[in-house]
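Coordinate inspection notes
Letter by letter, the chains look like this.
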Amino acid sequence: MRILLDVMCGGLVSYLRMCNYDTAYAGDRGLEADDDLLAVARGEDRTVVTRDVDLASRADESILLESRDVEEQLAALDVAGLDLTLADDPGFCGRCNGLLEPVEPTASTPEYAPNPSTLEIWACRDCGQYFWRGSHWDRVAKTLSEIRESAGERPDET
């Protein structure tokens, strides 16, 4: 599933990308008018995720969220059938949604990134941002696990 989040759902961006959903965000693309957002959704075959009842009803495919709370929104996406499991091999940049590629263990990385010989690292082909499983990954994993537990699913073993 390819997703287009409207500006009311921006808190979901990194979660969905970390679960390997190709997730475009209307705020990143300057999509303010509903007609423009719908045109992009149709042109790119994306499911619109929104809190706007009218927008959801006009989209070819949509998921309507009621809550403003990110964790409640994630729970609603889980109920809607999205697999909210962190990717074993991350594919999408949390910053720009570009494709990630593994960094070789012998490669050099920016000062802010860990040494790739000691930790698996990915780099975005588009913006150059580096990603690894650190404290942010752990927080997201905990949040998603709690959502699945409250829905009665078995939590990840990660």
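Given the structure is predicted, the values throughout are model-derived calculations rather than measurements.

**As for helix H3 (residues 34-43)**
Taken together, the buried positions of H3 are occupied by Leu37, Leu38, Val40 and Ala41. One side of H3 holds all its buried residues, which, seen down the axis, span an arc of 160°. Those residues of H3 that are buried lie in contact with strand E1 (2-5), helix H2 (26-29), strand E3 (47-50) and helix H4 (53-58). Once H3 ends, the next one or two residues include Asp45, with phi positive near 50°.

**Details of unusual backbone geometry**
Its identity as a non-glycine residue notwithstanding, Asn20 has a phi of 65°, on the positive side. Mapped onto the elements, Asn20 comes out in the loop between helix H1 (13-18) and strand E2 (22-25). Residue classification places Asn20 among the partly exposed residues on the basis of a relative accessible area of 31%. We note that Asn97 has phi near 75°; this positive angle belongs to a residue other than glycine. By secondary structure assignment, the location of Asn97 is in the loop between helix H5 (70-79) and strand E5 (100-102). Asn97 gets classed as buried once you look at its relative accessible area, which sits at 13%.

**Remarks on the packing of aromatic side chains**
Summed over all chains, the structure comprises two aromatic pairs. Judged by centre distance (6.4 Å) and plane angle (75°), the ring pair of Tyr112 and Tyr130 falls under edge-to-face. Within this pair, whereas Tyr112 is found in the loop between E5 and strand E6 (121-124), its partner Tyr130 is found in strand E7 (residues 130-132), the two being separated by 18 residues in sequence. On the basis of relative accessible area, Tyr130 is assigned to the buried category, the value being 18%. Centroid distance Tyr112 to Trp132: 6.2 Å. Interplanar angle 35°. Geometry classified as tilted. One end of the pair, Tyr112, is in the loop between E5 and E6; the other, Trp132, is in strand E7, and 20 residues separate them in sequence. Aromatic rings pair up to connect Tyr112, Tyr130 and Trp132 into one cluster. One Lys or Arg, Arg133, reaches over the ring of Trp137 and ends 5.0 Å from the middle of that ring.

What counts and what doesn't
Just so you know, the residues in each chain are numbered from 1, in the order the chain's sequence is written. Two thresholds apply to this predicted model, a pLDDT of at least 70 for residue-level local features and 80 or more for giving and counting side-chain atom pairs, whereas whole-chain, interface and lining totals are computed over all residues. As a convention, hydrogens and water are excluded, and side-chain values are obtained from all of the structure's heavy atoms. Relative accessible area decides the class of each residue, using a 1.4 Å probe on protein chains only: under 20% of the type maximum gives buried, over 50% gives exposed, and in between gives partly exposed. Secondary structure counts use DSSP, requiring at least four H or I residues in a row for a helix and at least two E residues in a row for a strand, with both numbered from the N terminus. Here the arc refers to the directions that run from the helix axis out to each C-beta atom. Should any heavy atoms of two residues lie within 4.5 Å, those residues are considered in contact. Only Phe, Tyr and Trp rings are paired, with Trp represented by its six-membered ring, and only when their centres lie within 6.5 Å; those with planes under 30 degrees apart are stacked, over 60 edge-to-face, the remainder tilted. Our definition puts a charge over a ring when NZ of Lys or CZ of Arg is within 6 Å of the ring centre and also within 35 degrees of the ring normal.

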